[in-house]
Structure formats: C-alpha cells, structure tokens
There are 2 protein chains.
Amino acid sequence: MTTVLKLGGSVITEKDRPETLDGETLAALASAVAESGVEDLVVVHGGGSFGHHHAADHGVSTTEGIRDVDGVMDVHGAMTTLNRFVLSRLHAEDVPAVPVHPFSAAVRDGDGDLTLMTEQVATMLEEGFVPVLHGDGVVHAGEGVTVLSGDEIVTAVATALDADRVGLCSTVPGVLDGDDEVIPRIEEFQSVADVLGVSDATDVTGGMAAKVRELLALGSPAYVFGPDAVPGFLAGEDVGTRIG
Amino acid sequence: MTTVLKLGGSVITEKDRPETLDGETLAALASAVAESGVEDLVVVHGGGSFGHHHAADHGVSTTEGIRDVDGVMDVHGAMTTLNRFVLSRLHAEDVPAVPVHPFSAAVRDGDGDLTLMTEQVATMLEEGFVPVLHGDGVVHAGEGVTVLSGDEIVTAVATALDADRVGLCSTVPGVLDGDDEVIPRIEEFQSVADVLGVSDATDVTGGMAAKVRELLALGSPAYVFGPDAVPGFLAGEDVGTRIG
C-alpha cells in the first residue's frame, strides 16, 4: 500500500518569517512517521517561508517565469536548504529518508504541462527508502523557470504511483466551512467553493482551493488534516476532511 | 550545436586528499567556459576526492549497492557539496549554470541498466541555462543505491540530446600510448586496449579504459584532453585524442 504524505510549508516553517523553521512541529512529525512503521511512504513538503518569500521577491509563480540565474538559485537553494532540515529530522528518527529534488527531475512544456520523473521514486520505495520531494523551481519551455508547488507534486506522484492514500498535513484540522467547522467529506468542488478562501500569508501556489481541486482529480482518497492527526492518518484512520 | 563537457573529478579536486577542491584549476575552467561564449553546453563533473573516498569507504560501486541511508547520504552529500563549488565558480564568471542532481533524476533497473531523465536538460538548454550534472549515487532495483559515474552520465546525456561534440577534460593531455605520447585518434577499442591501464589514485568507476569504451559507443566525436585544451575544444578545434 503506497501512501503520500504532504507536510505543508506553513506547518514546518514559520510562514510569516523568512527562512524560519518550526523545528518543534517538524520533529514531532518525524517522530510520528517513525512510530507509524508505515511502509511505502513518499513525503512531499511545501516551501513555507523558505520558498514563498523568494518566489514573491523575484516575481516568479507557477505560470510566470524568470531567467535570472541568481533568482533561480535563490528559490531552489532555499528549498534544498529546507529539504536538508526535513531529511535531518527524519534521519534523527531513523527514517531512511532520501532527497528527490524536483528541479532536477521535472520540466514543464510550452503549455505549462508538468512531466515529473517518478520511476526513481518507485524504485526507492521498493528498496526500502522514504523519498522526500518538495516544492521547487522547474524549468518551463518559453518561461525560463517557474514555481512547482508541493501540491502539484503530490498529484503527479500519487497518480503515477497509483497511491492508495494521500494526506495533506495543513495548519488547520481540515477544510473548514463558514462556521470554521471541519467539513467531513468533499466529493465535488462547487458545493464548497464559496467557503474556500485563500490563505492569510503569502502563498504563490493558491491555498486551500487549489489543494481541494487537485485532490478531487485523484483516483485515491485524500485527507486534509492538522499536525495532531498525522499518527491517525498513518494508522489508516479517516481524519480531518476526506476529499474524493 | 550541443556540446557536452565533462570535467574530470581528478582535474577539479585533489584526488588523493579527501574533499579537497583544486580551486585554481576549477576557476580557470569556469573562465574558459565563460570566455568561449559557447551555447547549448551541458557540463558534467566527476566525483574526485569528494565522491570516490566515500564510495570506497562504504563499499559501493557501480554494481555493488548499499542500503544504509547514512552511507547513501555521505556519497550523495559529498557530491552535491562539490556541485555547489562548481556552480559557484561558474556563477562567478556569469555562466548561467543550474544544478541537475542525478540521484533525483535517474534509476537503474534489476539488470543495472540506467534511465536518466534528460527532457529537463534539453529545456534548460533551450531556455539559455547551462545544466551541470555530476557523478552521484543512483537507486538500483535489488541493490539499494549504487554509484553512477560521470562518464555514464556523459554517455546518457550525449546520446539522448544527440550531442554534436563531447569533451572529457582529464589530468592528462589525451589518451597516452606506451611511450606516454598522446594517441591522436582512436577508432576501435582493441588497438589501444593493451596500453590503457587504470588510474593511480582510487577510481571506483574504471579509469581511462572505461572512458574510451563508452565514448566509442557514442554517435558523435569525443575528445580526451587536459585542462589547457578546454578553450580549444570549446572553440571547435581537434584537441588531445579524438575518439570515434
């Protein structure tokens, strides 16, 4: 059974303070992964305060690119720095985590369509490793380099590996309705579109609405939940909001 | 016209001293690349003293793998460190170099056959970047992680991109015969097999004999030459030993 777990950038970093890790939360998440004993796990993490501020500074988004190599290296370098922190916390818990940097393994064509190599990810799982991917820059035909969001990676990896369960660990306990109550299940977009806003902090990748839309397109059930629900999700329980 | 330039690990590092850069030579090579003005250039570098000692310590080769994640991270981490030095020297010369880490973009199947993603490399060239790849670890079905040599990468990239010229910058001015004279041209392996030895320093990836054999299999001419001949190679001249 293949599981994809996304650790939201806002969860593992202080999103409003540039390049500041939320080390306590990250350590707790690493511990939850280790204790779950779950096999065939792919971890994806977002950019949070490591990626988004650099992206905003350089005016780069998922559709608007840059060719300035200093800008490209700022965004990619900050994301690989965050990735090293994530790997380090997982290694501290004896999770055999290995990095997969999407800038090295992905491309967008002139229509913006993404190709992400996943054969290496599948073999990493077979060999007992926990591949860790992350939001990153991606070379984009006609645009230079654009942003590749963690959520896009989740969709691409889950689809290619035919994942059985997808989990998005967010700062909120699920997708919230107008009364800030967790919506238990979302089966189509329009019914909840009016209650989905954008995140308060800078988020060049679209916030919760984009997450829900992408997760509905998956063939497998996806869950949105808060950090406290990670052990439950990894134990196979229904937690937070089930999408699809 | 697409050019692939390999910078040998022994050229850019002090191969007998662990993790020691040959900064002077690397800076001169970066300057030669910048001054050539050559377009559509892919750079590949070897491991030298950053990769080979770790690989030897952990008993990992291109065919014998490891599953210990600390060993995997030692080899991969040392190579990404060297890659950052190479990028930094190229950036100092205003070369728009971007990293492509093969551990993120490659896999070997159970027969040891390599798949390396190259679509992103092609788009990087089209967008005006200089992709820089390097010897690395690679996940290998049934073996864990094995070594992926810079020379294997040169072969894979040159073949996939249908490169027009391939250059291997080595510590010697070409492939040498029994009298230490440069052989001007090699068109088949057996005629020179008896004069090709292995390198004096630790080289888990096979030395000159493996290089020649792989280069003969390419569809494009390849050149083996010393650091002084890099400007000539990039200017389109015949330098060192022509193979194929």
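Residues numbered from 1 in each chain as written. Chains lettered and ligands numbered in written order. Predicted model: local features only at pLDDT ≥ 70, side-chain atom pairs only at ≥ 80, totals over all residues. Heavy atoms only, no water.

You'll find chain A entered in an unreviewed UniProt entry as Isopentenyl phosphate kinase, with Halobaculum lipolyticum given as the organism. What the UniProt record of chain A gives under Sequence similarities (unreviewed entry) is the line "Belongs to the isopentenyl phosphate kinase family." Under the UniProt heading Subunit (unreviewed entry), the entry covering chain A gives this text: "Homodimer." (UniProt positions renumbered as here; feature names shortened; annotations may be inferred.)

## Thoughts on the relation of the copies chain A and chain B
The two copies are related by a screw operation: chain A maps onto chain B through 180 degrees of rotation and 0.0 Å of translation along the axis, at an RMSD of 0.0 Å. On this basis, the relationship between the two copies can be described by a two-fold rotation axis. Proximity to the rotation axis, assessed at the C-alpha, singles out alanine 105 of chain A in chain A; its C-alpha lies 2.4 Å from the axis. Both copies present the same face, since 100% of the interface residues in chain A are matched by interface residues at the equivalent positions in chain B. (Least-squares fit on C-alpha atoms with pLDDT ≥ 70 in both. Contact = heavy atoms within 4.5 Å.)

## A word on the environment of lysine 211 of chain A
Residues and elements named next belong to chain A. Relative to the helices and strands, lysine 211 resides in helix α9 (residues 207-216). The spacing of lysine 211 and threonine 80 is 131 residues in sequence and 23 Å in space, taken between C-alpha atoms. Among all residues touching lysine 211, those that are not within four sequence positions of it are Lys6, Asp151 and Leu168. (Helix = DSSP H or I, 4+ residues; strand = E, 2+ residues; numbered from the N terminus.)

## Some details on the interface of chain A and chain B
Reports of interface size often rely on the accessible area that becomes lost once the parts have come together. The interface of chain A with chain B comprises 36 residues on the first partner and 36 residues on the second. Where chain A touches chain B, the interface holds two salt bridges. We note a salt bridge from arginine 67 of chain B to glutamate 127 of chain A, for which the minimum N-O separation is 2.6 Å. Contributions of two or more residues to the side of chain A that touches chain B are made by α4 (69-92), β3 (97-99), α5 (102-105), β4 (106-108), α6 (119-126), β7 (136-140) and β8 (144-148) of chain A. Of all the elements, α4 of chain A adds the most residues to the side of chain A that touches chain B, at seven residues. Here the side of chain A that touches chain B is built from residues that sort into 20 nonpolar, ten polar and six charged. (Salt bridge = Lys/Arg side-chain N within 4 Å of Asp/Glu carboxyl O. Nonpolar A, V, L, I, M, F, W, Y, C, P; charged D, E, K, R; others polar.)

## Examining the pairing of strand β1 (residues 3-7) of chain A
Residue and element names in this part refer to chain A. Most of β1 is tucked away: five of the five residues are buried. Direction of pairing for β1 relative to strand β2 (residues 41-45): parallel, over a ladder of five bridges. Among the inter-strand pairings, threonine 3 is bridged to a residue of β2, identified as leucine 41. (Buried < 20%, exposed > 50% of the residue type's maximum accessible area, 1.4 Å probe, protein only. Pairing = 2+ DSSP bridges.)

## As for the packing of aromatic side chains
Between two aromatic rings, the relevant description is the distance of the centres plus the angle of the planes. Residue and element names in this part refer to chain A. A full pass over the atoms with the stated rule returns six aromatic pairs over all chains. Taken together, the aromatic side chains of Tyr223, Phe225 and Phe233 make up a single cluster linked through ring pairs. Against the face of phenylalanine 189 rests arginine 213, its NZ or CZ located 4.1 Å from the ring centre. (Phe/Tyr/Trp six-rings, centres within 6.5 Å; stacked < 30°, edge-to-face > 60°. Lys NZ or Arg CZ within 6 Å of the ring centre and 35° of its normal.)

## Focus on the side chain of threonine 118 of chain A
Mapped onto the elements, threonine 118 of chain A comes out in the loop between β5 (114-116) and α6. Each residue touching threonine 118 of chain A, except ones within four places of it in the same chain, is listed here: Val157, Ala160 and Leu161 of chain A.

## With respect to the nonpolar core
Most often, soluble globular proteins have nonpolar side chains that are buried together. Core analysis: the biggest nonpolar cluster contains 94 residues, and Val166 of chain A together with Val166 of chain B have the highest contact counts within it. Apart from residues lying up to four places away in sequence, valine 166 of chain B is in contact with Val4, Val154, Ala158, Leu215, Leu218, Ser220, Pro221, Ala222, Tyr223 and Phe233 of chain B. (Core = buried A, V, L, I, M, F, W, Y, C linked by side-chain atoms within 4.5 Å.)

## Focus on a negative patch on the surface
A contiguous patch of negative charge on the surface is contributed by Glu19, Asp57, Asp68, Asp70 and Asp74 of chain A together with Glu35, Glu93 and Asp94 of chain B. Checked against the element boundaries, aspartate 94 of chain B lands in the loop between α4 (69-92) and β3 (97-99). (Patch = residues over 30% accessible without salt bridge, like charges linked within 9 Å, V, L, I, M, F, W, Y side chains within 5 Å. Areas by Shrake-Rupley, 256 points an atom, 1.4 Å probe, with all protein chains shown as cover. Lys, Arg positive; Asp, Glu negative; His and termini not counted. Charge placed at Lys NZ, Arg CZ, Asp CG, Glu CD.)

## Some points on the confidence of the model for chain A
Low-pLDDT portions of the prediction should not be read for the details of their coordinates. Per-residue confidence for chain A gives a mean pLDDT of 92; residues scoring 70 or more make up 94%. The ipTM value of the predicted complex is 0.93, and its pTM value is 0.94. (pLDDT = per-residue confidence, 0-100.)

## What about the sheet that holds β3 of chain B?
The pairing of strands in a sheet comes from backbone hydrogen bonds and takes either a parallel or an antiparallel form. All names here are of chain B. Taken in spatial order, the eight strands of this open sheet run β3-β6-β2-β1-β9-β11-β12-β10, and their pairing is mixed. Two strands lie at the open edges of the sheet, namely β3 and β10 (185-186), each paired on one side alone. Contacts from α4 reach β2 (41-45), β3 and β6 (130-134) within the one sheet, and its direction differs from that of β6 by about 155 degrees. In the packing of helix α7 (residues 150-160) onto the sheet, the strands contacted are β1 (3-7), β2, β6 and β9 (165-169), and the crossing angle to β1 comes to about 180 degrees. (Axes fitted to C-alpha atoms, helices over the stretch in contact; angles between N-to-C directions.)

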